[in-house]
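Okay, here's what each chain looks like letter by letter:
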Amino acid sequence: MFIDYTKIFIKSGAGGNGCISFRREKYVPKGGPNGGDGGNGGDVIFKASSQLSTLVDFTYQKHHKAGRGVHGQGGDKNGRNGRDEVILVPCGSVIKNFETGGVITELIKDGEEKVILKGGRGGKGNTHFKSATNRTPRYAEKGGEGQELTIVIELKLIADIGLVGFPNAGKSTLISKISSAKPKIADYPFTTLKPNLGIVKYREYDSFVVADIPGIIEGASSGKGLGIQFLRHIERTRILLFMIDATRLSIEEKNFLGDYKILLGELENYEANLLDKPRIICFTKTDAVSEELKKKLKSVRTAGIDKIQISSVTGENLQELKDLLWKKLKEINEE
Ligand SMILES: Nc1nc2c(ncn2[C@@H]2O[C@H](COP(=O)(O)OP(=O)(O)OP(=O)(O)O)[C@@H](O)[C@H]2O)c(=O)[nH]1
Ligand SMILES: [Mg+2]
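Residues numbered from 1 in each chain as written. Chains lettered and ligands numbered in written order. Predicted model: local features only at pLDDT ≥ 70, side-chain atom pairs only at ≥ 80, totals over all residues. Heavy atoms only, no water.

Student: With reference to specific residues and values, describe the site of ligand 1.
Tutor: Residues in close proximity to ligand 1 total 21 residues, the closest being K171, T173, F190, T192 and D287. Contacts to ligand 1 include A169, whose backbone N or O atom sits 3.1 Å from an oxygen atom. In this structure, F190 approaches ligand 1 through a main-chain N or O atom, which is 2.7 Å from an oxygen atom. When isolated, ligand 1 has an accessible area of 650 Å², and the protein chains bury 86% of it. (Near = heavy atom within 4 Å. Polar contact = N/O pair within 3.5 Å; in protein donor to acceptor, adjacent residues only side chain to side chain. Areas by Shrake-Rupley, 256 points an atom, 1.4 Å probe, with all protein chains shown as cover.)

So, in structure tokens, the structure goes:
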């Protein structure tokens with residue numbers, strides 16, 4: 001299972017102090033108390049949002065503080081409550097105490113919210129302390145302190161996009177170019193032995209998750225190569241991106257989709273439902289093939305399946321690929 005993890009510091013607001021004040025009116029030499037109450041400090045609240053899928057936003061903001069309550073004032077004016085700090089997290093986030101490792105809460109459903117740190121209570125003004133024996137109390141409560149805590153947010157990630165391809169097709173290279181993942185890359189087959197996840201930042205605020213898995217060869221479903229057990233890691237992805245190494249194709253090729261068909265067959269043997277997922281065909285390493293071949297690949301018929309040509313070396317079409325993946329994910333979301 002892939003886990004995204006972040007550590008942040010949170011602090012709730014202090015309560016405002018109660019006020020000591022007395023009425024001063026003409027002809028009333030000894031006015032009674034009129035000190036208002038302090039406002040409550042803001043809470044730190046976590047809220048699950050289906051709009052988020054990763055914890056990338058927390059890379060930039062590590063400190064989250066709620067507002068403090070305003071002090072009470074004379075004239076029975078109560079201070080305003082401090083602003084709550086509402087922290088949005090993806091659905092499925094687990095909040096833990098950093099020091100103890102204990103689970104504080106889990107946020108599962110969209111919109112679900114939990115108060116993690118209560119703000120300090122506002123102090124009562126001196127009006128509250130008037131009694132038969134003390135008509136001019138020179139005492140008001142102080143506001144309660146805010147609380148602070150270092151917490152860890154953990155999220156089990158489900159990849160949006162699964163990369164499927166022969167060994168050496170350039171899967172890990174792609175993920176290293178479009179995300180901050182740093183998988184091992186080499187010019188021999190089966191470099192990747194375990195799946196890697198990369199979080200792709202899209203425009204300013206969005207992101208999606210790509211899973212890079214080991215290469216698949218013909219016969220993998222009957223145990224050849226590394227087998228296909230790792231395909232379970234892409235069972236829950238939403239789109240499959242088929243990576244086809246264009247340098248393996250010659251211009252005289254009769255069937256440019258041979259590798260793709262083999263991959264489909266292996267996936268089908270593992271779990272036929274995988275073929276129900278939307279898929280995209282991606283010809284890789286286009287920097288290393290002729291313009292003529294690129295032209296031919298452009299005109300390959302794919303029965304309505306989107307196709308794209310990329311080079312992770314020159315960066316050709318990488319932005320277009322991200323745009324395409326994002327567009328497809330949006331379409332699936334709207335269904
Ligand atoms: N010319 C060129 N070479 C590339 C490109 N992308 C990857 N390569 C090279 O292809 C080889 C294999 O790349 P990887 O990213 O490790 O391939 P993979 O699909 O992850 O391979 P496995 O993990 O073995 O399944 C490496 O030598 C890369 O440098 C590309 O766009 N152009
Ligand atoms: Mg690899």
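Student: For the environment of K77, give the residues involved together with the corresponding values.
Tutor: Looking at the element boundaries, K77 is found in the loop between β3 (63–65) and β4 (85–90). Between the alpha carbons of K77 and R248 there is a distance of 79 Å; along the sequence they are 171 residues apart. When neighbours within four sequence positions are excluded, K77 is seen to be in contact with G36, D37 and G72. (Helix = DSSP H or I, 4+ residues; strand = E, 2+ residues; numbered from the N terminus. Contact = heavy atoms within 4.5 Å.)

Student: Outline the side chain of K171, supporting the account with residue identities and numerical values.
Tutor: By the element assignment, K171 lies in helix α1 (residues 171–178). Of the side chains with opposite charge, D212 lies nearest to the buried K171, which makes no salt bridge, at 5.6 Å. A distance of 2.7 Å separates the side chain of K171 from the backbone oxygen of F166, its partner in a polar contact. When residues no more than four places from it in sequence are discounted, the contact partners of K171 are L163, V164, G165, F166, D212, I213, P214, G215 and M243. (Buried < 20%, exposed > 50% of the residue type's maximum accessible area, 1.4 Å probe, protein only. Lys, Arg positive; Asp, Glu negative; His and termini not counted. Salt bridge = Lys/Arg side-chain N within 4 Å of Asp/Glu carboxyl O.)

Student: Tell me about the sheet that holds β4, and name the residues and values.
Tutor: Spatially, β4-β2-β7 is the arrangement adopted by the three strands of the open sheet, whose pairing is mixed. If you trace the sheet from one side to the other, it starts and ends with β4 and β7 (113–117), each paired once. Along the sheet, successive strands turn relative to each other by an average axial angle of 30°, direction set aside. Pairing of strand β2 (residues 44–49) with β4, which is carried by six bridges, proceeds in the parallel orientation. Within the sheet, the bridge partner assigned to V44 lies in β4 and is E85. (Pairing = 2+ DSSP bridges. Axes fitted to C-alpha atoms, helices over the stretch in contact; angles between N-to-C directions.)

Student: Before we move on, can you summarise the sheet that holds strand β14 (residues 306–309) with the specific residues and values?
Tutor: Pairing is mixed across the open sheet formed by six strands, whose spatial order is β10-β11-β9-β12-β13-β14. Two strands close off the open sheet at either side, each with one partner strand: β10 (196–202) and β14. Here the average twist between neighbouring strands, direction ignored, is 25°. Where β10 and strand β11 (residues 206–212) come together, seven bridges link them in antiparallel fashion. By the bridge assignment, V200 is partnered in β11 with F208. The strands that helix α2 (residues 258–270) touches are β9 (161–165), β12 (239–245) and β13 (279–284); relative to β12, the one it contacts most, it runs at about 140°.

Student: For the nonpolar core, give the residues involved together with the corresponding values.
Tutor: Within soluble globular proteins, side chains that are nonpolar generally end up buried alongside one another. Membership of the largest hydrophobic core comes to 28 residues, with the highest contact counts inside it found for I216 and L231. Elements supplying a minimum of two residues to this core: β12, α2, β13 and α3 (291–298). For this core, the element with the most residues is α2, which contributes four residues. Each residue touching I216, except ones within four places of it in the same chain, is listed here: V164, G165, F166, P167, I228, F230, L231, L263, E266 and L267. In terms of nonpolar packing, the next biggest core, distinct from the first, is built from 25 residues, F46, A66, I95 and A211 among them. (Core = buried A, V, L, I, M, F, W, Y, C linked by side-chain atoms within 4.5 Å.)

Student: So what's going on with the packing of α1 against helix α4 (residues 318–334)? Which residues, and what values?
Tutor: Relative orientation and spacing of two packed helices are given, respectively, by the angle between their axes and the distance between those axes. Following both chains from N to C, one finds α1 and α4 inclined at 85°, their axes separated by 11 Å at the closest point. By the angle class used here, α1 and α4 are roughly perpendicular. On α4, the residues that touch L174, K177 and I178 of α1 are L318, L321 and K322. (Parallel < 35°, antiparallel > 145°, perpendicular 65-115°, else oblique.)

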